[in-house]
Amino acid sequence: MKNNWITIWDNTREARLIYASESITDHLGWEPEDIIGREGYDLFHPGDHNSLRKVHLSNAYNEKMSSMVSYRIMAKDGSFVRVETILHYCHDVLIGSNFLYDEDSLDHKIRANSVDEVFVCLPDGNLQLAGAWNDRQEHLNNALDMEALWKNSSQQTLPRERRFCLILNRFSEALNIVFASALATELVSLDTAQAIGTSLYQYVAEKDAASLESQVDLAKEHDMVVRLRFDWVMDREKGLSEAVEAIASSTDDGIVMVFRLSPRLYMDN
């Protein structure tokens, strides 16, 4: 068993927890039902609040497909544990693949090199952008000006790209769907209730299946982030499909995928 679990927060100022996978109990002591509905900031170390607020606002403003942040979170016994979370922005929620922090591990280094940005909450309360590609600090300095994103705790003032997310069973070769967010119906005509238990490959064009399988295997092997692009099949008999782009990360509790429609390419005759 690896040291990881999945959490989902709503996309509000408070970042309330709406889902936590079962493995959180093994590592932090919380039962999922203990913390569902709580503000995320109730569980974060007070010394990390300002830094995490900047990351939260930056993700919401820039709609980041993947970023990673290390910080301290409270266990049920009141102690604080350092973790790192891969965050995927998905329209009305933020989805996190969480890992106990070990900066010397190979998997940590692979994850850090596969996300868009890496943030570190420093002990002195400052926030650092880490990694070779993350040498631009200026957008963090303006992050607190983004508070205007929310008129109140539940409504953003800026338009958001429409995305949907899936959680897949990583232990099934078929990658069975165990969770699908509501926008999947609008974007790719997926009946989210009937889709539970079906194979992801049922919705993947045959020409894309082998490539998707190899990328997902990479994600499972190293708990890393992979990027996917394939045709989502809505009706095989009628030949209806929609090109999608996805970002995926993996934990023992499931594979997280966030999807958006791929931009259409037009060529002159």
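These numbers were taken from a predicted model, which means no experiment stands behind them. (Residues numbered from 1 in each chain as written. Predicted model: local features only at pLDDT ≥ 70, side-chain atom pairs only at ≥ 80, totals over all residues. Heavy atoms only, no water.)

The next thing to look at is the side chain of Asn-98. Turning to its location among the elements, Asn-98 is positioned in strand S5 (residues 93-100). Residue classification places Asn-98 among the buried positions, given a relative accessible area of 2%. A polar side-chain atom of Asn-98 sits 2.7 Å from a polar atom in the side chain of Thr-85. Ignoring sequence-local partners within four residues, the contact set of Asn-98 consists of Asn-3, Asn-4, Trp-5, Ile-6, Thr-7, Trp-9, Tyr-71, Glu-84 and Thr-85. (Helix = DSSP H or I, 4+ residues; strand = E, 2+ residues; numbered from the N terminus. Buried < 20%, exposed > 50% of the residue type's maximum accessible area, 1.4 Å probe, protein only. Polar contact = N/O pair within 3.5 Å; in protein donor to acceptor, adjacent residues only side chain to side chain. Contact = heavy atoms within 4.5 Å.)

Okay, helix H9 (residues 206-222) next. Helix length check: H9, at 17 residues, gives a terminal C-alpha distance of 26 Å against a target of 24 Å (1.5 Å per residue), a fit within 8%. Residues Asp-208, Leu-212, Val-216, Ala-219, Lys-220 and His-222 constitute the buried set of H9. Two residues or fewer past H9, Asp-223 is found with a positive phi of approximately 50°. (Expected span 1.5 Å × (residues − 1).)

Right, let's talk about the side chain of Ser-67 for a bit. Looking at the secondary structure, you find Ser-67 in strand S3 (residues 67-74). Side-chain polar atoms of Ser-67 contact the side chain of Asn-59, separated by 3.1 Å. Not counting residues up to four positions away in its chain, the partners in contact with Ser-67 are Asn-59, Thr-85, Ile-86, Leu-87, Val-115, Glu-117 and Phe-119.

What follows covers the packing of aromatic side chains. Under the counting rule described, the total for this entry stands at 8 aromatic pairs. Each ring, one from Tyr-41 and one from Phe-44, has its centre 5.3 Å from the other, and the planes form 80°; the classification is edge-to-face. Judged by relative accessible area, which is 9%, Tyr-41 ranks as buried. Using a relative accessible area of 10% as the deciding quantity, one classes Phe-44 as buried. Both rings, one in Trp-232 and one in Phe-259, keep their centres 5.5 Å apart while their planes meet at 85°; by these two values the pair is edge-to-face. (Phe/Tyr/Trp six-rings, centres within 6.5 Å; stacked < 30°, edge-to-face > 60°.)

Membership of the largest hydrophobic core comes to 30 residues, with the highest contact counts inside it found for Phe-164, Leu-166, Leu-190, Leu-200, Trp-232, Met-257 and Phe-259. Within the residue set of this core, elements represented by two or more residues are strand S10 (164-168), strand S11 (177-180), helix H7 (183-188), H9, strand S12 (226-235), strand S13 (240-251) and strand S14 (254-261). Listed in part, the 28 residues of the second largest apolar core include Trp-5, Leu-17, Leu-28 and Leu-129. (Core = buried A, V, L, I, M, F, W, Y, C linked by side-chain atoms within 4.5 Å.)

Attention now moves to the sheet that holds S14. As summarised here, the arrangement of the 5 strands in space is S11-S10-S14-S13-S12, forming an open sheet in which the pairing is antiparallel. The two strands at the open ends of the sheet, each matched to only one other strand, are S11 and S12. Taking each pair of neighbouring strands and ignoring which way they run, the sheet shows an average axis angle of 30°. Pairing of S10 with S11 involves 3 bridges; the strand directions are antiparallel. In the strand pairing of S11, Leu-168 is matched with Ile-177. (Pairing = 2+ DSSP bridges. Axes fitted to C-alpha atoms, helices over the stretch in contact; angles between N-to-C directions.)

Here we take up the pattern of salt bridges. Applying the stated criterion across every chain yields a total of 13 salt bridges. Here Lys-76 ties to Asp-34 by a salt bridge, and the two come within 3.3 Å at their closest N and O atoms. Taken together, the residues span a long stretch of sequence, with Lys-76 in the loop between S3 and strand S4 (80-90) and Asp-34 in helix H2 (residues 32-35) at a distance of 42 residues. Accessibility expressed as a relative area gives 46% for Lys-76, which makes it partly exposed. On the basis of relative accessible area, Asp-34 is assigned to the partly exposed category, the value being 31%. (Salt bridge = Lys/Arg side-chain N within 4 Å of Asp/Glu carboxyl O.)

Purely geometric numbers; function is a separate question.
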